[in-house]
Amino acid sequence: MVTVPIKTCIRTLSTTSRMDKSFTKWYRSLWQPKGNDEPPYDHIVQLGDPVLRVPANAIPEKELQSAEVQYLARHLTKVMRAYRCVGLAAPQLGLSLRAFVMEFKDELRDQYTKADYKLREMEPLPLTILLNPELKVLNYEKVIHTEACESVRGYRADVPRYREILLQGFDATGNRQELRLSGWNARIAQHEMDHLNGIVYTDIMNRKSLTCTCWQAVNAKSGRIQLSFASK
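Here the residue index of a chain counts from 1 through its sequence in written order. Only residues with pLDDT of at least 70 get local features here, since the model is predicted, and only at 80 or more are side-chain atom pairs given and counted; chain-wide, interface and lining totals rely on the full set of residues. Values shown for side chains rest on all heavy atoms present in the structure; no hydrogens or waters enter the calculation.

The name that an unreviewed UniProt entry assigns to the chain is Peptide deformylase, with the source organism given as Anopheles coluzzii. Regarding the chain, the UniProt comment filed under Function (unreviewed entry) reads as follows: "Removes the formyl group from the N-terminal Met of newly synthesized proteins." UniProt positions are given in the numbering used here, feature names are shortened, and annotations may be inferred rather than shown by experiment. According to the UniProt record, the Sequence similarities (unreviewed entry) comment for the chain is "Belongs to the polypeptide deformylase family."

Dropping the structure here:
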């Protein structure tokens, strides 16, 4: 499939026969252009950007299979992998739509000890794309583990999450899907669902646990540290 630049998609909205003008107007109203750059960005927005603090808009069901939504799903996946993170929501790319992607590759196992991998109840999660997702808690027991977020770059904290959840929504082809997730993968899903509701993990973290991930390097280099907000 040929990848169509999002700006091209946006420009052609008003000339595509299957889309009415009301949808075009609604679609354009979801963001405020910033210079020559328009969402969805190639970078991840940071805490303080208003788009992270408002509930995202549902995608009209008739548009779930549209070229624009298909592009968004691919772009979310591309940026998620570029940043080497395990989940990414549309608001993090500046676009207030209810969509997110998740992926926890088995190769990440090497980043954890066997004991920690087991403690966090980790297991591989194939690429999963959720459009207009809804979350239901299946197990109200909360488990606390450390989380980070690419929209709060350079920090991490302990965050309580429900142990088991049920996700319902649409996949990238517009078909309904249902996923039952537990442990670490349930945590990823809850983190991304929060982004769709204007919530960031700092809202529910253990405040005293908030830590700068490079504090040791800051001391070792006498504070001469540069924190990049671009992909690795």
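Novice: Kindly report on the nonpolar core, identifying the contributing residues and their values.
Specialist: The nonpolar core is taken to be a set of buried Ala, Val, Leu, Ile, Met, Phe, Trp, Tyr and Cys residues, with the residues joined through side-chain atoms within 4.5 Å. Think of it in three bands: with a 1.4 Å probe and only protein chains considered, a residue is buried below 20% of the maximum accessible area for its type, exposed above 50%, and partly exposed in between. Ranked by internal contacts, the top residues of the largest apolar core, which has 22 residues, are Ile59, Leu72, Leu76, Leu88, Ala99 and Leu131. Among the elements that make up this core, the one with the highest residue count is helix 3 (residues 67-83) (seven residues). Contacts are assigned to residue pairs with any non-hydrogen atoms lying within 4.5 Å of each other. Residue contacts for leucine 76: discarding those within four places in its chain leaves Leu88, Ala89, Ala90, Leu93, Ala99, Phe100 and Val101. Formed by 19 residues, the second largest nonpolar core is a distinct cluster that contains Met102, Leu130, Ala189 and Leu196. Where helices and strands are cited, they refer to DSSP runs of H or I of at least four residues and of E of at least two residues respectively, numbered from the N terminus.

Novice: Talk me through the layout of surface pockets; I want residue IDs and the actual numbers.
Specialist: Here a cavity denotes a set of grid points, spaced 1 Å apart and computed over the protein atoms alone, in which a 1.4 Å probe fits but from which it cannot get out, and a pocket denotes an open set meeting protein on both sides within 12 Å along at least five of seven lines; residues with an atom within 4 Å of a point are reported as lining. Grid points are joined across faces, edges and corners, and a volume is the space filled by probe spheres set on the points. The computed volume of the largest pocket comes to approximately 1100 Å³. Lining the largest pocket are 37 residues; nearest its centre among them are Arg84, Cys85, Val86, Ala148 and Glu150. Every element with two or more residues in the lining of the largest pocket is listed here: strand 1 (87-89), strand 2 (99-104), strand 3 (125-148), strand 4 (155-170) and helix 5 (183-196). Estimates place the volume of the second largest pocket at around 200 Å³. Lining the second largest pocket are Leu135, Lys142, Pro160, Arg161, Tyr162, Gln190, Met193, Asp194, Asn197 and Ile204. For the lining of the second largest pocket, the secondary structure elements donating two or more residues are strand 3, strand 4 and helix 5. Taken together, the residues that form the lining of the second largest pocket break down as five nonpolar, two polar and three charged. Asp, Glu, Lys and Arg are counted as charged, while Ala, Val, Leu, Ile, Met, Phe, Trp, Tyr, Cys and Pro are counted as nonpolar; the rest, among them Gly, fall into the polar class.

Novice: Which residues make up the pattern of salt bridges, and what are the values?
Specialist: Salt bridges are defined as contacts in which a side-chain nitrogen from Lys or Arg sits within 4 Å of a carboxyl oxygen from Asp or Glu. Summed over the entire model, instances satisfying the criterion amount to 10 salt bridges. Measuring nitrogen to oxygen at the nearest pair gives 2.7 Å for the salt bridge that ties arginine 180 to glutamate 164. Of the two residues, arginine 180 is situated in strand 5 (residues 176-182) and glutamate 164 in strand 4; the sequence distance between them amounts to 16 residues. Residue classification places glutamate 164 among the buried positions, given a relative accessible area of 19%.

Novice: Hey, could you go over the environment of leucine 125 for me, with residue numbers and the actual values?
Specialist: Structurally, leucine 125 can be placed in strand 3. For leucine 125, a relative accessible area of 7% puts it in the buried group. Residues leucine 125 and methionine 102 lie 23 residues apart in sequence; the distance between their C-alpha atoms is 7.6 Å. For leucine 125, the contacting residues outside a window of four places in its chain are Met102, Glu103, Phe104, Leu181 and Asn185.

Novice: Account for the environment of threonine 128, with residues named and values stated.
Specialist: As for its position among the elements, threonine 128 is in strand 3. You can call threonine 128 buried: its relative accessible area is 6%. Remark: the alpha-carbon pair of threonine 128 and leucine 179, spanning 51 residues in sequence, is separated by 9.6 Å. When residues no more than four places from it in sequence are discounted, the contact partners of threonine 128 are Phe100, Val101, Met102 and Leu179. Polar contact criterion, stated in full: a pair of N or O atoms within 3.5 Å, where within protein one must be able to donate a hydrogen and the other to accept it, and residues adjacent in sequence count only if both atoms are side-chain atoms. At 2.8 Å, the side chain of threonine 128 and the backbone oxygen of proline 126 are in polar contact.

Novice: How would you sum up empty space enclosed by the protein? Please name residues and give values.
Specialist: Inspection of every chain in the model, using the stated rule, returns one cavity of 30 Å³ or more. Its volume calculated, the largest cavity comes out at about 70 Å³. Forming the boundary of the largest cavity are Arg120, Glu121, Val143, His145, Arg161, Tyr162, Arg163, Gly183, Trp184 and Arg187. Those elements that place two or more of their residues in the lining of the largest cavity are strand 3, strand 4 and helix 5. Grouping the constituent residues of the lining of the largest cavity by class yields three nonpolar, two polar and five charged.

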